[in-house]
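Single-letter residue listing:
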Amino acid sequence: YMADRVLLVDDDPDTLRLVSLMLQRQGYDVEAASSGTQALKMIGEETPDLILLDIMMPDIDGFEVARRIRSTASSANLPIIMFTAKAEVEDRVKGFEAGADDYLTKPTQPRELFAHMNAILNRSKIPDTAISSTLSADRGQVIGVIANKGGLGVTTLAINLAVMLHKEYRKDVILADFRPGQGQIGLDLGYRKTDGLNYIFGKNPNEVNTEMLTEKLEHHPSGVHILPASHHPRDSRFIDYAEHYEQITAHLSAETNYFIIDLGSPLSQTSRKILPLCDKIILVVEPVPNTLTQAKLLLDDFPQFGIDLDRIYVALVNRVQSGVQLSWSQVQETLDRSLTVIFTPIPELAYQASADGVPVIIQHSDSLTTQQYHKLAAKLL
């Protein structure tokens, strides 16, 4: 169980202290902001589940804070309760017009506050259920590929797995990159225009549809359909448009046998939304003690995000020949988990494949690495 995160925004220190204590005693995870500017900054860094928002603040008032939250795609549907001493009808109307879901005046009985909060939180979780229902209908398997840090080969694995499933097992496959600003799949496969998804992010999530998305797919010579993400750093602003990615997953998984998602690293708001929707998750690790410590922490956190550990497949990637790395048995012991596949080092082959825009298993179809992808695909199937 993961406690609901509440952001309390109020410029009065006593209110922050007393209400925070009251909410914590009810089991909420509470963060506090003493100004509208601070609140917006905190929301940009990590989205809370609910905001309790005062109106009268010295820098940006609560009305403007609500309007800015509603105008940003990543926070547009964030539940907001105006919690203020302003009790006039005009203020209430203005609050709802700014985007508040509810409006409570101080002082409020704690039981009433909790009741309103629980009602709003329960209502806010309905869209996730709706998405899950869509996904559980007639659709293909959703496979997410992730690591606890960058540079471990997530993209290389996602590309070659997708090609293997299509080439050897005759499966329809869509390979998607969910890392705008860091998109690597398009670059590795020779595409230089990778910003097609930016058009989707300009739409309301509810407007996203299958036709719109299939127009953005690239048909790779391997037979795999590719949904690349922008490689331009400025487009990293789209990384946490989680609701858009939920819609993409729901629509495109219904159009293919396998929908493979490069989620990269580290764990983003989008990853937290998408991972519970995956039928299988491949965690990429390397045999380095500090990296494995982080990977173990990530594994331990998965159940809190609604992820069943039976869905996790661990891929050990040896990137360099070295006698100082841990053995595969030590990796299993550290993670307290069996390895699904072990990839031997191929730095030169991987570099050449990326430079040529050709997946390793096509460029070197008789290599040991290709056999290892066969093994991984067979286990997933």
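An account of the accompanying structure is given in this report. (Residues numbered from 1 in each chain as written. Predicted model: local features only at pLDDT ≥ 70, side-chain atom pairs only at ≥ 80, totals over all residues. Heavy atoms only, no water.)

**Here's the deal with the sheet that holds strand β12 (residues 312-317)**
Selection criterion: Think of it this way: DSSP has to see at least two bridges between two strands before they count as a pair. A helix here means a DSSP run of H or I that spans at least four residues, while a strand means a run of E at least two residues long, and both kinds are numbered starting from the N terminus. Contact definition: two residues touch when any of their heavy atoms are within 4.5 Å. Every angle, taken between N-to-C directions, lies between 0 and 180 degrees, and every axis is a line fitted to C-alpha atoms, over only the stretch in contact when it is a helix.
Reading across the sheet, the 8 strands line up as β8-β9-β7-β10-β6-β11-β12-β13 and stay open at both edges, with mixed pairing between neighbours. Of all strands in the sheet, those bounded by a partner on one side alone are β8 (218-219) and β13 (341-343). Sheet topology note: the strand β11 (residues 280-285)/β12 ladder contains 5 bridges and is parallel. When the sheet's bridge partners are listed, I281 is paired in β12 with I312. Sheet contacts for helix α11 (residues 242-253): β6 (141-147), β7 (173-177), β9 (225-227) and β10 (258-264); angle to β10, the most-contacted strand, approximately 155°. Lying on the sheet, helix α14 (residues 328-335) is in contact with β11, β12 and β13; it crosses β12 at an angle near 140°.

**A word on the packing of aromatic side chains**
For any pair of aromatic rings, geometry is given as the distance between the ring centres together with the angle between the planes. Selection criterion: Two rings from Phe, Tyr or Trp (for Trp, the six-membered ring) form a pair when their centres are within 6.5 Å of each other. A pair whose planes differ by under 30 degrees is stacked, one over 60 is edge-to-face, and the rest are tilted. Only protein chains enter the accessibility calculation, which uses a 1.4 Å probe. A residue is then buried if its area is under 20% of the maximum for its type, exposed if over 50%, and partly exposed in between. Note on criteria: charge over ring means Lys NZ or Arg CZ within 6 Å of the ring centre, with the direction from the centre no more than 35 degrees off the ring normal.
Going through the model one piece at a time under the given rule, you end up with 8 aromatic pairs. Plain terms: the ring middles of F201 and Y241 are 5.6 Å apart, the flat faces sit at 75° to each other, and that makes the pair edge-to-face. Within this pair, whereas F201 is found in helix α9 (residues 197-201), its partner Y241 is found in the loop between β9 and α11, the two being separated by 40 residues in sequence. The two residues F201 and Y241 agree in class, both being buried. Ring-pair connections join several aromatic residues into one group, and the members of that group are F178, F201, F238, Y241, Y245 and F259. When the ring centre of F83 is taken as origin, the NZ or CZ atom of K106, which lies over that ring, is 5.5 Å away.

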